[in-house]
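# Structural characterization, general
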Amino acid sequence: MIPKRAFGALLTTVFALAMLFGFKPADNLALSGTTTAGTVAVGAAPVPSTGSTSGSSAASAAPTTAAASPTATAGTASTTAAYKDGMATGSVISTRYGDVQVEVTISGGTIVDVTALQLPDRDGRSRSIASQAAPILREEALTAQSANIDVLSGATYTSDAYAQSLQSALDQVTA
């Protein structure tokens, strides 16, 4: 049995070596795979697929990287919805880290843009996470053509609120 003091020193040494070799804990955001089987890590190498899917999706099991746009599952009812052209502003969704609100632009019956009007800003870390998550969530929405988007690990509250605000905007423009 290792004494507690020795274990603490060992743990500190392992952590120091991990940092020396470039391991950065908790700084990466990764998709949790709610609509696709792939996982994306922001600014990192490909992350193994979780293999989990939700609903009736039949997603690809190939992992993707941050450079590649993650793909949403095709063929779900929400991806075939026709929207009325125009713009709609979603509800303000409050999270413990700040409010989230998006605006959606529809052209030709499809989502052509999603703009984050408000993102969590409680503190510097919240702003940093939100600024990393926003472009990924936007791409998810554009790809999915719905609010059925992946949740980002490390930005769960922002992801959920973004999807809720987006859904409320899409409800206004559903044909």
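Data block above holds the structure.
First, a word on what this report is: a plain description of the structure on this page. For clarity, every value in this text was computed on a predicted model and none was experimentally measured.

### Thoughts on the nonpolar core
Counting 27 residues, the largest nonpolar core has Val104, Ile111, Val114, Leu166 and Leu170 as its most contacted members. Contacts of Leu166, omitting those with residues within four sequence positions, involve Val102, Val104, Val114, Ala141, Ser146 and Ala147.

### Thoughts on the pattern of salt bridges
All chains considered together, the criterion is met by three salt bridges. The partner of Arg138 in a salt bridge is Asp113, and the shortest N-O contact between them spans 2.9 Å. Placement of the pair is Arg138 in helix H2 (residues 124–144) and Asp113 in strand S5 (residues 110–118), with a sequence separation of 25 residues. Residue class for Arg138 comes out partly exposed when judged on its relative accessible area of 26%. Salt-bridge contacts for Arg138 lead to Glu139; the nearest nitrogen and oxygen are separated by 3.1 Å. Through salt bridges with shared partners, a single network forms among Asp113, Arg138 and Glu139.

### Some details on the pairing of strand S4 (residues 98–107)
Across the ten residues of S4, eight count as buried, placing the element largely inside the fold. Relative to S4, strand S2 (residues 86–89) runs antiparallel, the two sharing four bridges. Within S4, the residue paired with Thr89 across the bridge is Glu103. Taken together, the three bridges between strand S3 (residues 93–95) and S4 define a ladder with antiparallel strand orientation. Following the sheet pairing, Ser94 is matched in S4 by Asp99. The sheet contact formed by S4 and S5 spans seven bridges and is antiparallel. Looking across to S5, one finds that Thr105 is bridged to Asp113. The turn linking S4 back onto S5 is made up of two residues, and Gly108 within it adopts a positive phi angle of 65°.

### Quick look at unusual backbone geometry
The phi torsion at Gln145 lies on the positive side, around 55°, for a residue other than glycine. Note that Gln145 resides in the loop between H2 and strand S6 (152–153). Using a relative accessible area of 15% as the deciding quantity, one classes Gln145 as buried.

Criteria and thresholds
- Throughout, a residue's number is its position along its own chain's written sequence, starting from 1.
- Per-residue local features are limited, in this predicted model, to residues with pLDDT of at least 70; the limit for side-chain atom pairs, both in listing and counting, is 80 or more; totals at the level of whole chains, interfaces and linings are taken over all residues.
- Side-chain figures throughout are based on the complete set of non-hydrogen atoms in the structure, without hydrogens or water.
- We call a set of buried Ala, Val, Leu, Ile, Met, Phe, Trp, Tyr and Cys residues a nonpolar core when their side-chain atoms join them within 4.5 Å.
- Here's how the labels work: a residue is buried when its accessible area is under 20% of the maximum for its type, exposed when over 50%, partly exposed in between, all with a 1.4 Å probe on protein chains only.
- Working rule for contacts: check all heavy atoms of both residues, and any pair within 4.5 Å makes them a contact.
- Just to be clear on terms, a salt bridge is a Lys or Arg side-chain nitrogen sitting within 4 Å of an Asp or Glu carboxyl oxygen.
- A run of H or I in DSSP counts as a helix once it spans at least four residues, and a run of E counts as a strand once it spans at least two, with each numbered from the N terminus.
- Pairing between two strands requires that DSSP report at least two bridges joining them.

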